[in-house]
Each structure stands twice: as structure tokens, then as C-alpha cells.
Amino acid sequence: MAVADLSQIVKAYDVRGVVPDQWDESLAELFGAAFVRVTGAAGIVVGHDMRPSSPGLAAAFARGATGRGADVTLIGLCSTDQLYFASGSLDLPGAMFTASHNPARYNGIKLCRAGAAPVGQDTGLADIRALVEEWADGGGRGGVGEARGARGTVTERDLLADYAAHLKSLVDLTAIRPLRVVVDAGNGMGGHTVPSVFEGLPLQLDPLYFELDGTFPHHEANPLDPKNIVDLQARVRETGADLGLAFDGDADRCFVVDERGEPVPPSAVTALVASRELAKEPGSTVIHNCITSWSVPEVVRESGGTPVRTRVGHSFIKAEMARTGAIFGGEHSAHYYFRDFWNADTGMLAALHVLAALGGQDKPLSGLVAEYDRYAASGEINSTVADQAASLAAVREAYTGRADAELDELDGLTVTTADWWFNLRASNTEPLLRLNVEARDDATAARVRDEVLALVRA
């Protein structure tokens, strides 16, 4: 494996690439050894999704880890948030083999320290990459065999029931009115976790694509793309269901549609869950990124909490949660983070909050979320640009000096007025600028969107 390939697969927060073209089991074994070397762990926990390459990659990683003397707990098929549960409850560093919503030919590793603490470029991933590069250059084995002593052991353990019980201990659904719920698992890990989590609850489950199949025969397991929730929307409308839920491939993100089949914005879900968490602990802090709706900090303040704004990305959210002791955090991309889940993200727990809120009163979901969905939004619009910095500078210059506008650069460029705001930021991995606009009405949102896009695409 050429060292140059690692720059293509080691990302800001994880490892991800095409198998076997960009990485394979021999490289996974080196990553396992390097992970143990960097963390100094005596034991780790390893899980994987349903992709055809995942079991072999996870086993190879375990070989590398045991070769360094670490004991490995293999939990087998799991969602990413189930791996975080294992890391938190067992107090062990963890490795999850998944490429989330990417196509079937991809796979990857999400790494965490004990207690589900994130591992990114600045918190160990760069050191892991350096070791793998060194060992790969040394002939493919390198320092893997240099264990601290005896080879570690491998123990298989099923934690699905424990994971489901923990989630249900955090949200009480026993007294809600019966609900009919359509769930589209997209042939991903939601098909594994949802039946266990929903078991025993007053929910009539209508499953779509629960067969675990890493080739994704029906649609990509990426509900952020509207074309991938069309089947869910149609089933909700056909059956008169109370709501629909869609999970991505590794089931750490959850998207919601109401009884009309209309998507519920993740910002509205963030605001709803924040209000519920603050009802339990008034005065707590809630984290939101700089692209969530104005409604999120508004609802947090109305509920007696303190909103804290941060950059986009799970490492920033989790760091702020740890720093502030926040009870909850939410992102526009449908990642939801809970203090009571080791500050890790779990779409399943957010879904349980939505179900509890809906079932605890008589209004339909559209009526319930209207309180939290207050503004007109563009959604995220991507523009391919040759020079991200130059395009950002042109937009900044166009809005600098406007008496009614406030500019900040917490994450890209955010311009805010009394009636609208937009954020324009560069992609870390592609030659794209991402635009999000929100305004008090649809016409204003469209006007601002078109103004900014004309500058970006000039």
C-alpha cells in the first residue's frame, strides 16, 4: 500500500476510502496496531456495519490490536451509536467499521477513546496515520508484532439488548398514545437496531428495507438527499401513519417526516429535543452549530436554557459539550448529541424524544413542530468553485460595511441582519462552497440566496 494513498483515506475525523483499491485488510491490521500504540489501551471494543467488506476489515484490525497486546471485545454487527454505547459503558476505546452513507464500494473506521471521546486529526488520528505510514513503508508488517507482552485475547459480546435498554431508560414512552411509525432503514444498520429499541413500546412499526444489505439495492442510505426519502414519504401518506423515520447507513443520524410526508427540518427536531431536555434540567446549556435555525437559540432561551453556538462538525460540538457541561447538542445535518450518552451522537435517542413528544399530546406532528419551525430556509446549496478563498473574499467584500449587516467568521462567513442570515463555508474535502440561508419569509430567503449565489458563481 503506497504511503500517498493514506492522504486520500485519512480524513479530518475518520478513515474512509474504496475497498480494496485504496485500502484493504492488511492496512486495517496496521491501523489496529497503531490505534493501540497511540491510545496505550489494554483493551478495545470493535464493531462493524453490514457492508460486505466490514467483517474482514474488523477482524484484521483486531489482529493488529491483539498483536500489540490489547484485549479485543468484538460486538459484531452494530450501529455507530451502538459502538459509542459500548465504548462508554465498557470504558474502552472503540473502532467502528462503516462508511456511513457512502456507496457500497467504500468502507472506513470511526475511532474513539474510552467513554466515546472523539479521535480526530488533533486528538490522535494524525499520529495513527504517521505510524501506519512508517510500518507500511517497512514492508507491510513494521512494528505490528512488537507487542508489549503476550498477544491479546478476542472476546465476542452482544450488546444490542443493553444498548436498547439504556436508550429506553433515558426517554419514557410507556404512557404515550399508540403511534403508527414507518421506518426506512435503507438496508443499513437501522434494520438491526430499531426492532430491539421499539420492542415493548406502544408503537406499530411499518418497516421499509430492514434487510441488512451493504450493496444498498433500493436507494442510498443517505436521507439528507431528498430522493432517498421518497419511498418513506409515499408509505406514510398511503398508510396514514403518524410519522416516518429514516436512518443513514450506520444509523447514527435520523431524519423525520410528518403525517403528511413532509420533512421536519433537523433544526426543528433540535429545538424540540432541547425543550424536552431543558424541562428535565432547567438552566442547562445546549450546543448548536452556526447553521442551525434562529429557532434553536430562541427555544433554548424560552425554555430557560443557555444556547452556545459553535462550528460545524462533531469534534467541535463534543468539545463544547465537554467544556460547558451541556445537556444536549444538535446540528443541521441531523446529528444529535446527548450528555447522558457520553456526549456522543445518537439519532435513535432523538427519534425516541420525537415519539415521546408526539405521543404525549393529541396534535399531529405537523402541528407539534410548527412551534419549532419558525423561519424560511434554503437548505444547503453546493457550488463548485475553482478558488474557494477568492470566492469567499468576493462575498465578504460585497457585504462588508453594510450598516444593517453583522459579519463573523466562526466557520466560513456568516452575514446576519434583522430579517435574514446566510452562512457560506468551504468543504474540507471537495472544491465546493456550501451556502445556507434563512429569513423571516420565503421571498426574502430566495432573494438573499440568489444574491449570494450570483457572487459565488460569477
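Details of the structure are given in the entry above.
Now for a look at the structure at hand. Not measured: the values here are computed from a predicted model. (Residues numbered from 1 in each chain as written. Predicted model: local features only at pLDDT ≥ 70, side-chain atom pairs only at ≥ 80, totals over all residues. Heavy atoms only, no water.)

## Here's the deal with the pattern of salt bridges
- Within this structure, the stated rule accounts for 28 salt bridges.
- As a salt-bridge pair, D206 and R235 come within 2.6 Å of each other at their nearest N and O atoms. Separated by 29 residues along the polypeptide, D206 in strand β9 (residues 203-208) and R235 in helix α8 (residues 230-239) bring together distant segments of the chain.
- The class of R235 is partly exposed, set by a relative accessible area of 25%.
- Between K280 and E277 there is a salt bridge, with its nearest N and O atoms 2.8 Å apart. Pair noted here: K280 and E277 are both in helix α9 (residues 266-280), with a separation of three residues, about one helical turn.
- Classification of E277 as buried rests on a relative accessible area of 3%.
- Beyond isolated ion pairs, a larger network of salt bridges with shared partners links K110, D250 and D252. (Salt bridge = Lys/Arg side-chain N within 4 Å of Asp/Glu carboxyl O. Helix = DSSP H or I, 4+ residues; strand = E, 2+ residues; numbered from the N terminus. Buried < 20%, exposed > 50% of the residue type's maximum accessible area, 1.4 Å probe, protein only.)

## Regarding the packing of aromatic side chains
- Enumeration according to the criterion identifies twelve aromatic pairs in this entry.
- Their ring planes at 70 degrees and their centres at 6.2 Å tell us that F85 and Y163 sit as a pair that is edge-to-face. Of this pair, F85 sits in helix α4 (residues 80-90) while Y163 sits in helix α6 (residues 160-170), placing them 78 residues apart in sequence.
- Take Y163: its relative accessible area is 0%, and that puts it in the buried class.
- Pairing F85 with W342 gives two aromatic rings, centres 5.9 Å apart and planes at 65 degrees, and the pair type is edge-to-face. Taken together, the positions of F85 in helix α4 and W342 in the loop between β16 (336-338) and α12 (347-359) put the pair 257 residues apart, joining distant regions of the chain.
- For W342, a relative accessible area of 26% corresponds to the partly exposed category.
- Through a chain of ring-to-ring contacts, three or more aromatic side chains come together here, namely W23, F31, F35, F61 and F97. (Phe/Tyr/Trp six-rings, centres within 6.5 Å; stacked < 30°, edge-to-face > 60°.)

## A closer look at the packing of α6 against α12
- The interhelical angle for the contact between α6 and α12, taken along N-to-C directions, is 40 degrees, at an axis separation of 10 Å. Of the possible angle classes, the one that applies to α6 and α12 is oblique. Note on packing geometry: the crossing formed by α6 with α12 is right-handed. Together, Y163, L167, K168 and L170 of α6 and M348, L349 and L352 of α12 make up the contact between the two elements.
- Classifying every residue of the contact of α6 with α12 gives six nonpolar, no polar and one charged. (Axes fitted to C-alpha atoms, helices over the stretch in contact; angles between N-to-C directions. Parallel < 35°, antiparallel > 145°, perpendicular 65-115°, else oblique. Left-handed = near helix turned anticlockwise from the far one by under 90°. Contact = heavy atoms within 4.5 Å. Nonpolar A, V, L, I, M, F, W, Y, C, P; charged D, E, K, R; others polar.)

## Notes on the sheet that holds β16
- Judged by pairing direction, the sheet is mixed, and its four strands sit side by side in the order β14-β13-β15-β16 without closing on themselves. The open sheet has two free edges, formed respectively by β14 (306-310) and β16, since each of these has just one partner strand. Taking each pair of neighbouring strands and ignoring which way they run, the sheet shows an average axis angle of 20 degrees.
- Direction of pairing for strand β13 (residues 285-289) relative to β14: parallel, over a ladder of five bridges. Bridging from a neighbouring strand, I287 pairs with V308 of β14. (Pairing = 2+ DSSP bridges.)

## Some remarks on the side chain of D250
- Along the chain, the position of D250 falls in the loop between β10 (243-247) and β11 (254-257).
- Sequence-distant contacts of D250, that is, excluding residues within four places in its chain, are made with S79, T80, T98, S100, K110 and M189.

## Quick word on the pairing of β10
- β10 sits mainly inside the fold: five of its five residues count as buried.
- Here β10 shows no split at all, with L243, L245 and F247 on one side and G244 and A246 on the other all buried.
- Bridge count for strand β8 (residues 179-184) against β10 is four bridges, and the pairing is parallel. Residue D184 lies in a different strand from β10, and its bridge partner there is A246.
- Bridging between β10 and β11 involves four bridges; their strand directions are antiparallel. If you follow A246 over to β11, its bridge partner there is F255.
- Here β10 hands over to β11 after six residues, with A251 in that stretch at a positive phi of 60 degrees.

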